[in-house]
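Survey of secondary and tertiary structure
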Amino acid sequence: MAEITETTPLSTAGKRSDGDIQWVRSASDVSRLVNDGSQGRANARIVIGIALGGIFLDAYDLGALAFGIKDITREFNLTPAGTGMVASAITFGAIVGALLGGYLTDKIGRYRVFMADMLFFVVAAIACALAPNEYVLAGARFVMGLGVGIDLPVAMAFLSEFARLKGPGNKASSVAMWCPTWYAAISISYLLVLFFYAVLPESHSDWLWRLILGFGAVPALVIIAIRSRYMSESPVWAANQGNLKEAASILRQSYNINAHVPQDALSQPAPVVNKAKWSNYLNLFRGIYLRRTTLATLLSVVSSFAYNAVAFGLPVIISSFFVQSMLTTILISLVLNLLFAFVGGLLAVRYVPRFGAWRMSLAGYACQLVALLGLGLIGRPEGATEGVLAVAMLALFLFGQGFGPGAHSCAGGVRYSYVRDLDRYVSAVVGDSMIIDEYEQIVPIQKATEYLMLGMRTTHGISEKEYHRIYRSDWEPIEETFELFERKGWAERDGERWHLTPAGFLISNVLINAVLEAQTGAKVENNP
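Residues numbered from 1 in each chain as written. Predicted model: local features only at pLDDT ≥ 70, side-chain atom pairs only at ≥ 80, totals over all residues. Heavy atoms only, no water.

Helix and strand content of the protein: 24 helices and seven strands. Among the 528 residues that make up the protein, the fraction classed as buried is 47%. Put simply, of all contacts in the protein between residues at least 6 apart along the chain, 72% involve residues at least 24 apart. Of the accessible surface of the protein, which amounts to about 25,200 Å², a share of 64% is contributed by carbon and sulfur atoms. (Helix = DSSP H or I, 4+ residues; strand = E, 2+ residues; numbered from the N terminus. Buried < 20%, exposed > 50% of the residue type's maximum accessible area, 1.4 Å probe, protein only. Contact = heavy atoms within 4.5 Å. Areas by Shrake-Rupley, 256 points an atom, 1.4 Å probe, with all protein chains shown as cover.)

Next comes the structure, spelled out in structure tokens:
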């Protein structure tokens with residue numbers, strides 16, 4: 001058996017098979033191994049499936065009230081304000097839960113948060129089923145929303161971090177799977193409504209909404225049982241916390257990768273790449289992230305309004321179109337969700353790696369715009385023709401909801417290069433093969449290093465403000481190094497910027513190395 005030594009770099013470890021050692025020296029090595037699609041990934045697929053199970057439960061709990069809201073209003077004699085309180089409580093809970101979930105996911109890990117949030121679903125679902133009044137029901141739905149809000153960030157983190165970069169089941173496809181999973185859950189809730197509607201005697205029809213809401217505890221308990229057996233912590237998170245040994249262990253267990261940390265890396269403390277801090281939320285409103293945050297927020301708000309107005313309220317809308325039975329409303333809602341929203345989500349999974357999330361989102365929103373304009377012009381349908389057109393507009397809206405917003409995904413922090421040969425590129429775009437030729441995971445410290453290296457080679461230079469947009473480490477050692485260069489005539493300050501002088505450019509390689517050494521010292525000092 002080969003001896004594990006400290007000198008074998010990752011790039012020269014040979015073929016990637018079960019028995020060959022893959023050396024892990026940094027968080028970027030772990031990301032590279034995760035992104036590689038050549039390893040056995042049975043456990044990783046299970047983890048992705050369990051993460052989608054969490055999203056399934058989120059969608060079920062959010063949509064389960066769609067059929068019961070009229071019965072709840074009648075049973076508790078609610079005013080419009082009371083109805084709004086019950087219906088929106090889960091959304092307010094989800095907002096609070098999302099704020100907590102993002103921080104806790106980075107602080108204590110994906111696995112611990114994922115296991116804990118299921119308790120919210122179990123307790124809240126039982127409380128909803130037994131609620132004696134609207135206040136208990138609204139409170140239970142708020143607690144359920146906390147679970148939804150906490151679960152979504154960690155589920156998306158698992159989908160992104162356990163999925164590979166290229167090939168079937170890649171990051172874009174895995175993250176986009178949230179949408180068909182979501183509408184599958186909505187369809188399941190409709191099927192349950194159909195089942196309980198058929199078996200419940202008419203004298204107990206007021207139990208229907210309680211059974212539907214309480215049933216949410218069943219998949220939560222199933223997911224808890226499955227998660228405890230198959231799910232592990234994210235290796236990317238473990239590596240980003242400086243725990244390379246745990247990351248290597250997870251790679252061996254979940255990815256069938258014979259990963260090990262060499263002794264020289266074990267003897268030196270690995271830097272914490274992503275440290276959980278509440279102040280991290282402020283980074284969303286700084287530098288290059290401000291535009292992305294604004295766009296993502298706008299899309300999320302627009303999509304939420306559209307979802308709640310049409311997709312969530314679909315049974316109520318359909319029941320207002322025609323004079324029909326409850327059974328007909330259930331069946332039409334089920335068919336529209338399965339044939340259009342669910343299928344649209346599957347198409348998003350299939351085509352987002354090829355066309356990109358942005359193009360598909362625009363196409364989806366265009367479908368929704370046409371559908372809403374059509375519904376507005378039709379109004380309440382009169383006659384069979386207008387009724388069919390109105391249902392067709394609902395179908396178009398749901399298809400756009402699944403096809404467009406469902407395409408949102410992120411392979412975050414990965415640098416791509418496309419195939420260089422023009423014929424291969426055209427064939428890949430027209431055909432069904434990948435156009436990505438090479439890729440690498442870019443962590444914040446690497447971005448900051450490249451900023452220093454490239455900026456020092458230009459007359460524009462570098463600045464503390466730009467550096468901190470990329471990486472929040474101590475700037476003072478870098479500043480002191482440039483002050484030394486200034487005294488020797490190799491650099492000069494222009495306002496808040498530093499750049500090399502003509503004499504400094506002649507020895508730029510040496511000066512850049514000195515600055516990078518200062519940066520490394522600051523990184524270790526801030527991440528002991």
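On we go from here.
Let's shift gears to the sheet that holds strand β7 (residues 497-500). Pairing is antiparallel in the open sheet, where three strands are placed in the order β5-β7-β6. Looking at which strands have only one partner, the edges of the open sheet turn out to be β5 (462-463) and β6 (491-494). (Pairing = 2+ DSSP bridges.)

Considering all chains together, one arrives at seven aromatic pairs under this definition. Residues phenylalanine 195 and phenylalanine 196 carry aromatic rings whose centres are separated by 5.3 Å and whose planes lie at 65° to one another, so their mutual orientation is edge-to-face. Given the relative accessible area of 46%, phenylalanine 195 is considered partly exposed. (Phe/Tyr/Trp six-rings, centres within 6.5 Å; stacked < 30°, edge-to-face > 60°.)

Our focus in this paragraph is the side chain of arginine 497. Mapped onto the elements of the fold, arginine 497 is located in strand β7. Judged by its relative accessible area of 12%, arginine 497 falls in the buried class. In this structure arginine 497 touches Tyr451, His460, Gly461, Ile462, Ser463, Glu466 and Glu492, once residues within four positions along its chain are discounted.

Taken as a whole and assessed by the stated rule, the structure comprises four salt bridges. Arginine 493 is paired through a salt bridge with glutamate 479; the nearest N and O atoms lie 2.6 Å apart. Here arginine 493, found in strand β6, pairs with glutamate 479, found in helix α22 (residues 476-487); they are 14 residues apart in sequence, far enough to count as distant. (Salt bridge = Lys/Arg side-chain N within 4 Å of Asp/Glu carboxyl O.)

Look at helix α15 (residues 314-321) against helix α18 (residues 384-403): their axes get within 11 Å of each other, and the N-to-C directions meet at 165°. With respect to their mutual orientation, α15 and α18 come out roughly antiparallel. Note that α15 runs across α18; the crossing there is right-handed. Packed against α15, whose contacting residues are Leu314, Ile317, Ile318 and Phe321, the element α18 presents Ala390, Val391, Leu394 and Leu398 at the interface. The residue makeup of the contact of α15 with α18, split by class, is eight nonpolar, no polar and no charged. (Axes fitted to C-alpha atoms, helices over the stretch in contact; angles between N-to-C directions. Parallel < 35°, antiparallel > 145°, perpendicular 65-115°, else oblique. Left-handed = near helix turned anticlockwise from the far one by under 90°. Nonpolar A, V, L, I, M, F, W, Y, C, P; charged D, E, K, R; others polar.)

Before going further, it helps to examine the pairing of β6. Here β6 pairs with β7 via four bridges, running antiparallel. The residue of β7 that forms the bridge with alanine 491 is leucine 500.

Here we take up helix α5 (residues 110-129). Between its terminal C-alpha atoms α5 stretches 30 Å, which fits the 28 Å expected from 20 residues at 1.5 Å a residue. All buried positions along α5 are accounted for by Arg110, Val113, Phe114, Met115, Asp117, Met118, Phe121, Val122, Ala124, Ala125, Cys128 and Ala129. (Expected span 1.5 Å × (residues − 1).)

The next point concerns a nonpolar patch on the surface. Together, Phe92, Ile95, Val96, Leu99, Leu100, Phe142 and Trp278 give the surface a local cluster of nonpolar side chains, amounting to about 660 Å² of exposed area. Considering every element that reaches the nonpolar patch, the biggest residue donor is helix α4 (residues 80-108), with five residues. Looking at the secondary structure, you find tryptophan 278 in the loop between α13 (263-266) and α14 (288-311). (Patch = residues over 30% accessible without salt bridge, like charges linked within 9 Å, V, L, I, M, F, W, Y side chains within 5 Å.)

Another point: the environment of alanine 306. Along the chain, alanine 306 turns up in helix α14. Linking alanine 306 and glutamine 401, residues 95 residues apart in sequence, is a C-alpha distance of 8.4 Å. In this structure alanine 306 touches Ala311, Gln368, Phe397 and Gln401, once residues within four positions along its chain are discounted.

A positive phi angle is found at asparagine 77, which is not glycine, with a value near 55°. Looking at where asparagine 77 falls in the secondary structure, it is placed in the loop between α3 (69-75) and α4.

Every second residue of β7 is oriented toward a common face, with Arg497 and His499 on one face and Trp498 and Leu500 on the other, all of them buried. Here β5 pairs with β7 via two bridges, running antiparallel. Directly across from isoleucine 462, in β7, lies its bridge partner tryptophan 498. Here β6 hands over to β7 after two residues, with glycine 495 in that stretch at a positive phi of 70°.

One way to put it is that α4 packs onto α5 with a least axis distance of 7 Å and a crossing angle of 130°. With respect to α5, the element α4 is oriented oblique. Along its contact with α4, which presents Leu104, Thr105, Asp106 and Ile108, the element α5 presents Arg110, Arg112 and Val113. Of the residues in the contact of α4 with α5, the class split is three nonpolar, one polar and three charged.

Okay, the environment of phenylalanine 120 next. With respect to the helices and strands, the residue phenylalanine 120 is situated in helix α5. Between the C-alpha atom of phenylalanine 120 and that of methionine 144, which follows or precedes it by 24 residues, the distance is 5.8 Å. Once residues within four sequence positions are removed from consideration, phenylalanine 120 is found in contact with Val143, Leu146, Gly147 and Ile150.

Below, the discussion takes up the side chain of aspartate 61. Along the chain, aspartate 61 falls in helix α2 (residues 42-63). No salt bridge is formed by the buried aspartate 61; the nearest opposite charge belongs to arginine 141, separated by 5.6 Å. Residue contacts for aspartate 61: discarding those within four places in its chain leaves Ile90, Phe121, Arg141, Met144 and Gly216. (Lys, Arg positive; Asp, Glu negative; His and termini not counted.)

With that out of the way, let us pick up α18. Here α18 is 20 residues long and its end C-alpha atoms lie 28 Å apart, about the 28 Å a rise of 1.5 Å per residue gives. What α18 keeps buried is the set Gly387, Ala390, Met393, Leu394, Ala395, Phe397, Leu398, Gly400, Gln401, Gly402 and Phe403.

Our next topic: a negative patch on the surface. On the surface, a cluster of negative charge is contributed by Glu476, Glu480, Glu483, Glu486, Glu492 and Asp494. Here the negative patch gets four residues from one element, more than from any other, and that element is α22. Locating glutamate 483 in the fold gives a position in helix α22. (Charge placed at Lys NZ, Arg CZ, Asp CG, Glu CD.)

What follows covers the nonpolar core. Counting residues in each nonpolar core, the largest one holds 72 residues, and the members touching the most others are Leu137, Trp182, Tyr183, Ile212 and Leu394. Ranked by the residues each element gives to this core, the list is headed by helix α8 (residues 178-199), at ten residues. Contact partners of isoleucine 212, with chain neighbours within four places excluded, come to Tyr60, Ala64, Ser189, Leu192, Val193 and Phe196. (Core = buried A, V, L, I, M, F, W, Y, C linked by side-chain atoms within 4.5 Å.)

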